[in-house]
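# Secondary and tertiary structure notes
Residues per chain are reported as follows:
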Amino acid sequence: MINNKYNNITYKGNKPLISIITVVYNNVYHIKQTIESVLAQDYPFIEYVVIDGNSSDGTLEIIQEYQDKISFLLSESDNGIYDALNKGIKNTNGDVIAILHSDDLYYDEYVVSDMVQKMEITDSEICFSDIVILDYDSGKVLRYYFANFFSKWLFRVGWMPPHPGCFIKKSLFNEFGMYSTDFKIAGDFDFLVRIFFSRKIYWSYLNRISVKMLEGGTSNSGLKSKKIIANEISRSLSNNNVWSLSVFQLLRYLIRILELTVKPKKL
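Every chain begins its residue count from 1, and numbering advances along the sequence as written. pLDDT decides what is reported in this predicted model: residues at 70 or higher carry local features, side-chain atom pairs at 80 or more are listed and counted, and totals for whole chains, interfaces and linings draw on all residues regardless. Hydrogens and water are ignored here; the side-chain numbers use all heavy atoms of the structure.

Time to look at the overall build of the chain. Helix and strand counts for the chain come out as eight helices and ten strands. Here the C-alpha atoms of the chain give a radius of gyration of 18 Å, agreeing with the 18 Å that 2.2 N^0.38 yields for 267 residues. When its C-alpha atoms are laid out on the principal axes, the chain stretches across 50 × 40 × 40 Å. Accessibility here uses a 1.4 Å probe with only protein chains present; expressed as a share of the type maximum, an area under 20% marks a residue as buried, one over 50% as exposed, and anything in between as partly exposed. Relative to its full complement of 267 residues, the chain shows a buried share of 53%. Put simply, DSSP marks the helices as runs of H or I at least four residues long and the strands as runs of E at least two long, and each gets a number from the N terminus on. For the radius of gyration, the atom set is restricted to C-alpha positions; the globular benchmark scales as 2.2 Å times the number of residues to the power 0.38.

In structure tokens:
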């Protein structure tokens, strides 16, 4: 186990400290780009937390090349992605938490600044934006996951705002708890259902693409994962006393068709 802390954060004035968490396991080919997209952000008050699942392919060695710019690094075995995310959250000091996985990149260097500004203007507890999912080889846009039509009701069909495009106040994790490790794929969905159906949540939408995600993540790969996520969505809704029917999830695939058809104006 490796557990390192670095005190490289300069925090001044009344601007919020943003904690960005990257969870990674054996992703030597992409982790460098992910780290550099965080370090390229122009927002000055960022705490960067990296949770490695005890990688054995050279990933950890690449991470350690940036150790003087990483606020907290933990490398040890975990019990899945949500267990790793919870470890990250427990070791953050920020006012706002964002998740950037090791197959993801921030769209440009202004993402964090733009999200912070939107949250400040709207006094929101959670702010979400759009993301694009790219083909691994060509870099072409396969899916435009946009969230301008968000409604709480859409959770009933299994649709949620794109999790990598969410900036969430840490106070929500303090109030409602962290990600449930009972889920393999839908722990992020379950967290959002839990908070939105517990009380009025002050949210905002930023009309921009914030994250570029490579195709092939856990929730996007194969028929087996689709069956798992469908079952987990139904279980989460039931656990949180949100009325729905399994057939409603067919509507989620109609939204997916729209996301596959509509393309962003620029990338």
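Turning our eyes to something else, we now look at unusual backbone geometry. With phi around 70°, Asn54 is a residue other than glycine that occupies positive phi space. Since its relative accessible area comes to 41%, Asn54 is described here as partly exposed. Look at Asp123: it is not a glycine, yet its phi comes out positive at around 55°. The residue Asp123 is located in the loop between α4 (111-122) and β7 (126-134) in this model. Taking relative accessible area as the criterion, Asp123 reaches 57% and is therefore assigned exposed.

To continue, consider the pairing of strand β8 (residues 141-145). Most of β8 is tucked away: four of the five residues are buried. Of the strand pairs in this sheet, β7 and β8 are connected by four bridges, and their pairing is antiparallel. Looking across to β8, one finds that Leu134 is bridged to Val141. The pairing criterion for strands is at least two bridges between them, as found by DSSP.

Within the element layout of this structure, Asn86 appears in helix α3 (residues 81-90). Overall, Asn86 belongs to the buried group, its relative accessible area being 9%. In terms of polar contacts, Asn86 uses its side chain to reach the backbone carbonyl oxygen of Tyr179, at 2.8 Å. Side-chain atoms alone can form a polar contact between residues adjacent in sequence; in general such a contact is a pair of N or O atoms within 3.5 Å, and within protein one must be able to donate a hydrogen while the other accepts it.

So, on to helix α1 (residues 31-39). For α1, the full list of buried residues reads Ile31, Thr34, Ile35, Ser37 and Val38. Looking down the long axis of α1, one finds its buried residues gathered within 160° of arc, a one-sided arrangement. Residue contacts are counted whenever heavy atoms from the two residues lie within 4.5 Å of one another. Summarising the contacts, the buried residues of α1 are in contact with β2 (18-24), β3 (46-52), α2 (59-64) and β6 (104-106). Directions pointing from the helix axis toward each C-beta atom define the arc.

Before going further, it helps to examine the environment of Ser102. With respect to the helices, strands and loops of the structure, Ser102 is situated in the loop between β5 (96-99) and β6. Given a relative accessible area of 7%, Ser102 falls into the buried group. Along the chain, Ser102 and Tyr25 lie 77 residues apart, while their C-alpha atoms are 8.3 Å from each other. Among the polar contacts made by the side chain of Ser102, one reaches the side chain of Asn27 at a distance of 2.9 Å.

Glancing now at the pattern of salt bridges. For salt bridges, the criterion is a side-chain nitrogen of Lys or Arg within 4 Å of an Asp or Glu carboxyl oxygen. The tally for this structure, following the rule as stated, stands at eleven salt bridges. Across the pair Lys32 and Glu36 runs a salt bridge, and its minimum N-O distance is 3.7 Å. Placement of the pair is Lys32 and Glu36 together in helix α1, with a separation of four residues, close to one helical turn. Classification of Glu36 by relative accessible area gives partly exposed; the value is 37%. We note a salt bridge from Arg256 to Glu259, for which the minimum N-O separation is 3.6 Å. Here Arg256 and its partner Glu259 are both found in helix α8 (residues 249-261), three residues apart, which amounts to about one turn of the helix. Look at Glu259 and you get buried, because its relative accessible area is 1%. Counted as one network, the salt bridges with shared partners bring together Glu76, Asp83 and Lys87.

Interpretation of this model should avoid reading the predicted coordinates in detail wherever pLDDT is low. Averaged over all residues, the pLDDT of the chain is 93; the fraction at 70 or higher stands at 93%. With pLDDT under 50 throughout, residues 6-11 is counted as low confidence; its partners more than four residues away or in other chains account for 17 contacts. Note: pLDDT gives the predictor's confidence per residue, expressed from 0 to 100.

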